[in-house]
Amino acid sequence: MAALRRLNKELSDLRSRPIEGLTVTPDEENMLHWKCSIKAAVSGFNRPDSPYKGGIFHFNLDLPTEFPFKAPSVAFTTKIYHPGIDEEGHICVPILRDQWKPTVTLSSVLAIIQEKLNNPSPDDPFEPDIAVQLKNDHNKFLATAKEWTKKYASTP
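Residues numbered from 1 in each chain as written. Predicted model: local features only at pLDDT ≥ 70, side-chain atom pairs only at ≥ 80, totals over all residues. Heavy atoms only, no water.

Draft legend 1. Structural detail: helix 4 (residues 138-152). In this model, helix 4 (15 residues) spans 21 Å end to end at C-alpha, consistent with the 21 Å of a helix rising 1.5 Å per residue. For helix 4, the full list of buried residues reads His138, Phe141, Leu142, Thr144, Ala145 and Thr149. Residues of helix 4 that are buried in the fold lie against strand 3 (56-62) and helix 3 (128-136). (Helix = DSSP H or I, 4+ residues; strand = E, 2+ residues; numbered from the N terminus. Expected span 1.5 Å × (residues − 1). Buried < 20%, exposed > 50% of the residue type's maximum accessible area, 1.4 Å probe, protein only. Contact = heavy atoms within 4.5 Å.)

Draft legend 2. Here's a closer look at the nonpolar core. Formed by 38 residues in total, the largest nonpolar core has its most connected members in Trp34 and Phe59. Elements that contribute at least two residues to this core include exactly helix 1 (2-16), strand 2 (33-39), strand 3, strand 4 (73-76), helix 2 (106-118), helix 3 and helix 4. Per element, the largest residue contribution to this core is five residues, and it comes from helix 2. In contact with phenylalanine 59, other than residues within four places in its own chain, are Leu22, Trp34, Lys35, Cys36, Ser37, Ile38, Val74, Ala75, Phe76, Thr77, Leu110 and Ile113. (Core = buried A, V, L, I, M, F, W, Y, C linked by side-chain atoms within 4.5 Å.)

Draft legend 3. Layout of the packing of aromatic side chains. For the structure shown, the criterion picks out six aromatic pairs. Relative to tyrosine 152, the ring of tryptophan 148 lies with its centre 5.6 Å away and its plane at 70 degrees, an arrangement referred to as edge-to-face. Of this pair, tryptophan 148 and tyrosine 152 both sit in helix 4, four residues apart, which is roughly one turn of that helix. Taking the relative accessible area as the measure of exposure, tryptophan 148 reaches 24% and is therefore partly exposed. (Phe/Tyr/Trp six-rings, centres within 6.5 Å; stacked < 30°, edge-to-face > 60°.)

Draft legend 4. View of the pairing of strand 4. Alternating positions in strand 4 separate cleanly, Val74 and Phe76 being buried on one face and Ser73 and Ala75 remaining unburied on the opposite face. Alignment of strand 3 against strand 4, held across four bridges, turns out to be antiparallel. Residue leucine 61 lies in a different strand from strand 4, and its bridge partner there is valine 74. (Pairing = 2+ DSSP bridges.)

Draft legend 5. Looking closely at the sheet that holds strand 1 (residues 22-26). Judged by pairing direction, the sheet is antiparallel, and its four strands sit side by side in the order 1-2-3-4 without closing on themselves. Sheet topology places strand 1 and strand 4 at the edges, where each strand pairs with a single neighbour. When strand polarity is set aside, the average angle formed by the axes of neighbouring strands in this sheet is 25 degrees. Note that strand 2 and strand 3 share seven bridges and pair antiparallel. Paired with histidine 33 across the strands is aspartate 62, a residue of strand 3. (Axes fitted to C-alpha atoms, helices over the stretch in contact; angles between N-to-C directions.)

What follows is the structure, given as structure tokens:
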């Protein structure tokens, strides 16, 4: 199966060149299902203090049997107050939608997800109300995002 060969190469690349702050654990029973987590950066969106600082955000990366010809799906399992991540945990990144190409590596996908999490933007949101708040009431956005990070993404 070409997909398994490709996945093994992708995993090998991730192990030899890990992405700082990101962990990937493929399911031993099903190589098409990966459990991942991002330790949020200390700083983000051109500010010294990210509202996600200290948070660890878990998500599943599921690869279709047609991979790499179809994009993986991503769903966060940790609740996060973010304009680009909806209530079901789906993340809004073009590379997982209309910009997918078979040549895109999973390392690239994971780096983009990490970047999106660490740097919320009101542009192209999954959660328009949060995007409006980020744009128009930045302090309230920061306070709510910090509160959710503490409540849902902090390690005990």
